[in-house]
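A closer look at the structure
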Amino acid sequence: MYEYKVTSPESQQPAAASRRGNATRFSTRGNSLGSPPSMMGGAVGQALLWMHDVASVTLLKARRTLFQAAVLFCVLGLLLWVSIFLYGSFYYSYMPTVSFSAPVHFYYTADCDASESALCSFPTANISFMKNDRDQVMAYGQPYRISLALELPESPVNEQLGMFMVKMSCYTKGGNVVSSVGRSTMLHYRSSLLQTLSTFFFSPLLLSGMAEQKQLIEVELFSAYKTNTYQPTVGAVVEIQSKRVQIYSSDLRIHAYFTGVRYVLYNFPLTSAVIGVATNFAFLGVIVLFSYLQFIWGGLWPPDQVRVKVMMGDNTRIQQRKEEAKKRMEKENSQKELDTPSVIGPVTDVSDSLANDTVVEQPSITSFVEVNATEHDDPNADLEVSHDDSALPEEKDQILRQRSVRKESL
């Protein structure tokens, strides 16, 4: 019914070993599970350090960029302000007074018989062409249109007066008259029916005082008057040659007639201002740029950079030159051997003579080639090989004499 299993000691040992292995694995797993927090802490620290470095570099670059942008904006603002100032100064100095208007106050004498309705003298007025009693109104060489505006009432006296003359005389600082002109004018004709209808329709305005029965007549005296540079005009005398004329008020108007650049500046002020300021800004910008290049580089173009030439090594170049010199010497030796006469005799003599020849020729070879001793100091220096052609005949004669001496001794 019941079975008893007997376990031997040998079978118990593997079980204990397996239990120990499991315990070891558990402990190892526990260690492996405990190591990640420390590794994660180190990684997080490195990440924080990297982020700190990146933030520091980025902040430094941002500060530098912000500083450079601020300097650039300041320079551009200064250039713009200077450009506007230069254009305004040019416009103020180049453009003369466009228009000038001065009231004309006529005066006349009153020492005649008062019973007559006519005046005792012609109405006369003296007008100054000096602005603020210091600056001249008219610029030199600039043509001006000068006209006289007369405000005349539509009275029966003026209607019966008809035409009358207006005379103007321009004078200099010394009182000399430089120009004089006379023009005729009169009231515009209006029939009695037209006057009646006009009075009827405008009666409310006439009764309220908002309108008057008068006419404004403008008399052109000069169409293109130019003041003289040596005798500038400082004033004018206006005279109305009629003793019965009735005048409300009068104004002298001077308007400049521009041509060329002044015409463009006056009729297109906004476009001229934009072009002028842009031109000044570009010119000043080029000057500032050249100054910056001069300060940074010392000139308009950057200095030539050092050009590195790829060359062979010093030893290779020296070896190459030595081989070339050796080839030249061998070629010369072979040429000399061909030029020397052949010697007939025993083999021993021939060998001795050849040995002597080689012994004698060695110093000659060394005398033919002169290598610059400073070649190792200056690797770029070329080998200097000099061939002393004048020494060859003497050595040949010496060799021949030696051979003849040996022959006689034999």
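Please refer to the structure placed before this passage.
Attention in this report is confined to the structure presented alongside it. (Residues numbered from 1 in each chain as written. Predicted model: local features only at pLDDT ≥ 70, side-chain atom pairs only at ≥ 80, totals over all residues. Heavy atoms only, no water.)

Regarding its fold elements, the protein presents nine helices and 10 strands. Here the analysis covers contacts within the protein between residues at least 6 apart in sequence; of these, 76% occur between residues at least 24 apart. Just so you have it, the protein exposes about 30100 Å², and 61% of that area is on carbon and sulfur atoms. (Helix = DSSP H or I, 4+ residues; strand = E, 2+ residues; numbered from the N terminus. Contact = heavy atoms within 4.5 Å. Areas by Shrake-Rupley, 256 points an atom, 1.4 Å probe, with all protein chains shown as cover.)

Structurally, Glu151 is set in strand β5 (residues 144-153). For Glu151, a relative accessible area of 16% puts it in the buried group. Separated by 2.6 Å, the side chains of Glu151 and Ser249 make a polar contact. (Buried < 20%, exposed > 50% of the residue type's maximum accessible area, 1.4 Å probe, protein only. Polar contact = N/O pair within 3.5 Å; in protein donor to acceptor, adjacent residues only side chain to side chain.)

One open sheet accounts for four strands, arranged β1-β10-β5-β8; its pairing is antiparallel. Looking along the sheet, the strands with just one partner apiece sit at the ends: β1 (99-103) and β8 (214-225). Between one strand axis and the next, the sheet turns by 15° as a mean value, whatever way the strands run. Relative to β8, β5 is paired through nine bridges, and the arrangement is antiparallel. The residue of β8 that forms the bridge with Leu150 is Ile217. (Pairing = 2+ DSSP bridges. Axes fitted to C-alpha atoms, helices over the stretch in contact; angles between N-to-C directions.)

Another aspect to go through is the layout of surface pockets. In this structure, the largest pocket occupies an estimated 380 Å³ of space. For the largest pocket, the lining is made up of 15 residues, of which Tyr92, Met95, Pro96, Thr97 and Gln136 are closest to its centre. Mapped onto the lining of the largest pocket, the elements with two or more residues apiece are α1 (9-94) and β4 (135-136). When residues of the lining of the largest pocket are assigned to their parent elements, the largest contribution, four residues, is made by α1. Looking at the lining of the largest pocket residue by residue, the classes come out as nine nonpolar, three polar and three charged. (1 Å grid on protein atoms, 1.4 Å probe; cavity = no way out; pocket = protein on both sides within 12 Å on 5 of 7 lines; lining within 4 Å. Points joined across faces, edges and corners; volume = space filled by probe spheres on them. Nonpolar A, V, L, I, M, F, W, Y, C, P; charged D, E, K, R; others polar.)

Let's shift gears to the pattern of salt bridges. The final tally for this structure, using the stated rule, is six salt bridges. The partner of Glu218 in a salt bridge is Arg145, with the nearest N and O atoms 3.4 Å apart. Here the residue Glu218 occupies a position in strand β8, and Arg145 occupies one in strand β5, the gap between them amounting to 73 residues. A relative accessible area of 41% places Glu218 in the partly exposed class. For Arg145, a relative accessible area of 31% puts it in the partly exposed group. One salt-bridge network, in which partners are shared between bridges, spans Arg145, Glu218 and Glu220. (Salt bridge = Lys/Arg side-chain N within 4 Å of Asp/Glu carboxyl O.)

Here the focus is a nonpolar patch on the surface. A surface patch of nonpolar side chains, about 820 Å² in accessible area, is lined by Leu193, Leu197, Phe200, Phe201, Phe202, Leu205 and Met210. One can find Leu193 in helix α3 (residues 192-201). (Patch = residues over 30% accessible without salt bridge, like charges linked within 9 Å, V, L, I, M, F, W, Y side chains within 5 Å.)

Attention shifts here to the pairing of strand β10 (residues 249-256). Burial of the side chains of β10 is restricted to one face: Ser250, Leu252, Ile254 and Ala256 are buried, whereas none of Ser249, Asp251, Arg253 and His255 on the reverse face is. As paired strands, β1 and β10 are joined by five bridges and run antiparallel to one another. Bridge assignment links Ser101 to a residue of β10, and that residue is Arg253. Pairing analysis gives eight bridges linking β5 to β10, with the strands arranged antiparallel. Residue pairing across strands places Ile146 opposite Ile254, the latter belonging to β10.

Turning our eyes to something else, we now look at the sheet that holds strand β2 (residues 124-128). Taken together, four strands build an open sheet; the order of strands is β2-β9-β6-β7 and the sheet is antiparallel. Each end of this open sheet is capped by a strand with a single partner; those strands are β2 and β7 (177-185). Each strand of the sheet is rotated relative to its neighbour by a mean of 15°, with strand direction disregarded. In this structure, strand β6 (residues 164-171) lies alongside β7, joined through eight bridges in antiparallel fashion. Looking at β7, one finds that Ser169 is bridged to Ser180.

Next up on the list: the nonpolar core. Among the nonpolar cores identified, the biggest contains 36 residues, and Met168, Leu221 and Leu252 are the most heavily contacted of them. At the level of elements, β1, β2, β5, β6, β8, β9 (235-241) and β10 are the ones that each hand at least two residues to this core. Those residues in contact with Leu221 that lie beyond four places of it in its chain are Ile146, Ser147, Leu148, Val166, Met168, Val181, Arg183 and Leu252. (Core = buried A, V, L, I, M, F, W, Y, C linked by side-chain atoms within 4.5 Å.)

Our next topic: the packing of aromatic side chains. Counted by the stated rule, this structure contains six aromatic pairs. Summarising the aromatic geometry, the rings of Phe222 and Tyr225 are spaced 4.9 Å apart at their centres and angled 55° between planes, so their arrangement reads as tilted. You can call Phe222 buried: its relative accessible area is 11%. Directly above the ring of Tyr94 sits Arg262, whose terminal nitrogen or CZ lies 4.6 Å from the centroid. (Phe/Tyr/Trp six-rings, centres within 6.5 Å; stacked < 30°, edge-to-face > 60°. Lys NZ or Arg CZ within 6 Å of the ring centre and 35° of its normal.)

On their own, these measurements won't tell you what the molecule is for.
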